[in-house]
Amino acid sequence: MDSRFHLLHPRDTLSRAVEMFQTASREEKRKIFGLMVVDDEDRLVGMISMYDILLFLQPKHVRIWSEMEEPDLDQLFTELLERAKGIEAGDIMTTEVVTISPDTHLLAVADIMLKKHVRRLPVTENGRIIGIVYISSLFHHMLSGFLPSQGQTPW
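1. Focus: the overall build of the protein chain
Part 1 of the reasoning: Counting secondary structure elements, the protein chain contains 6 helices and 5 strands.
Part 2 of the reasoning: Secondary structure elements of the protein chain, listed N to C terminal, follow the sequence β-α-β-β-α-α-α-α-β-β-α.
Part 3 of the reasoning: Evaluated residue by residue, the protein chain yields a buried proportion of 34% over its 155 residues.
Part 4 of the reasoning: Put simply, of all contacts in the protein chain between residues at least 6 apart along the chain, 56% involve residues at least 24 apart.
Part 5 of the reasoning: Carbon and sulfur atoms make up 55% of the accessible area of the protein chain, which totals about 10300 Å².

Shown next as structure tokens:
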């Protein structure tokens, strides 16, 4: 579990979310692809990922571009970004968030991540966020035994 995590509020704009992704990645010295979203009482209300934002920005008619006469992609992209300025994290975040407790067994964590196709799991205790487990950290922790000279690594 990583006890360092970054949060957004549902009213934060997508611009703020993109800024937070950059800030979090810089502070953690690794790419951060998803953020937890909390309400005014710091209760987890959702998750937002880079994928969610890209999916939102994808033009609705992208599947018929080959049938269109030379679409002005630069203009289209500019319009999409302009439209996104007023969108809030709460408008596109995933609200059905799977969480784990600090005592959830490693194999159960892996099972949840694989079955639910999630890359990060918030760790909560008494309704409060205390950390997050990233699938990359889980992978490296579980499989560090394959590296006889290095042994177990903390996660």
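Having seen the model, we can carry on.
2. Re the layout of surface pockets
Part 1 of the reasoning: The computed volume of the largest pocket comes to approximately 360 Å³.
Part 2 of the reasoning: What lines the largest pocket is a set of 17 residues, and nearest its centre among them are Met 47, Thr 94, His 117, Val 118 and Arg 120.
Part 3 of the reasoning: When contributions to the lining of the largest pocket are tallied by element, the ones reaching two or more residues are β2 (34-38), β3 (44-49), α2 (50-57) and β4 (120-125).
Part 4 of the reasoning: Looking at the lining of the largest pocket, its residues break down into 9 nonpolar, 4 polar and 4 charged.

3. Things to note about the sheet that holds β2
Part 1 of the reasoning: With mixed pairing, 3 strands are arranged side by side in an open sheet as β1-β2-β3. The sheet is open, and its two edges are formed by β1 (7-8) and β3, each paired on a single side.
Part 2 of the reasoning: The sheet contact formed by β2 and β3 spans 5 bridges and is antiparallel. Residue pairing for β3: Val 38 is matched across the bridge by Leu 44.
Part 3 of the reasoning: Lying over the sheet, helix α1 (residues 14-28) contacts β1, β2 and β3, oriented at roughly 125° with respect to β2.

4. Some words on the pairing of strand β5 (residues 128-134)
Here is the key point about a regular strand: its side chains alternate between the two faces of the sheet.
Part 1 of the reasoning: Judged by how many residues are buried, β5 sits mostly within the fold: 5 of 7 residues are covered.
Part 2 of the reasoning: As defined by bridge partners, β4 adjoins β5 across 6 bridges and the pair is classed as antiparallel. Bridged to Pro 122 within β5 is Ile 132.
Part 3 of the reasoning: The hairpin formed by β4 and β5 contains 2 residues between the paired strands, and Asn 126 there has a positive phi angle of roughly 55°.

5. Remarks on the packing of aromatic side chains
Part 1 of the reasoning: The tally for this structure, following the rule as stated, stands at 0 aromatic pairs.
Part 2 of the reasoning: Above the face of the Tyr 134 ring, Arg 30 is positioned so that its terminal group lies 4.4 Å from the ring centre.
Part 3 of the reasoning: Positioned above the aromatic ring of Phe 56, the side-chain terminus of Arg 83 is 5.0 Å from the ring centre.

The rules behind the values
Residues numbered from 1 in each chain as written. Predicted model: local features only at pLDDT ≥ 70, side-chain atom pairs only at ≥ 80, totals over all residues. Heavy atoms only, no water. Helix = DSSP H or I, 4+ residues; strand = E, 2+ residues; numbered from the N terminus. Buried < 20%, exposed > 50% of the residue type's maximum accessible area, 1.4 Å probe, protein only. Contact = heavy atoms within 4.5 Å. Areas by Shrake-Rupley, 256 points an atom, 1.4 Å probe, with all protein chains shown as cover. 1 Å grid on protein atoms, 1.4 Å probe; cavity = no way out; pocket = protein on both sides within 12 Å on 5 of 7 lines; lining within 4 Å. Points joined across faces, edges and corners; volume = space filled by probe spheres on them. Nonpolar A, V, L, I, M, F, W, Y, C, P; charged D, E, K, R; others polar. Pairing = 2+ DSSP bridges. Axes fitted to C-alpha atoms, helices over the stretch in contact; angles between N-to-C directions. Phe/Tyr/Trp six-rings, centres within 6.5 Å; stacked < 30°, edge-to-face > 60°. Lys NZ or Arg CZ within 6 Å of the ring centre and 35° of its normal.

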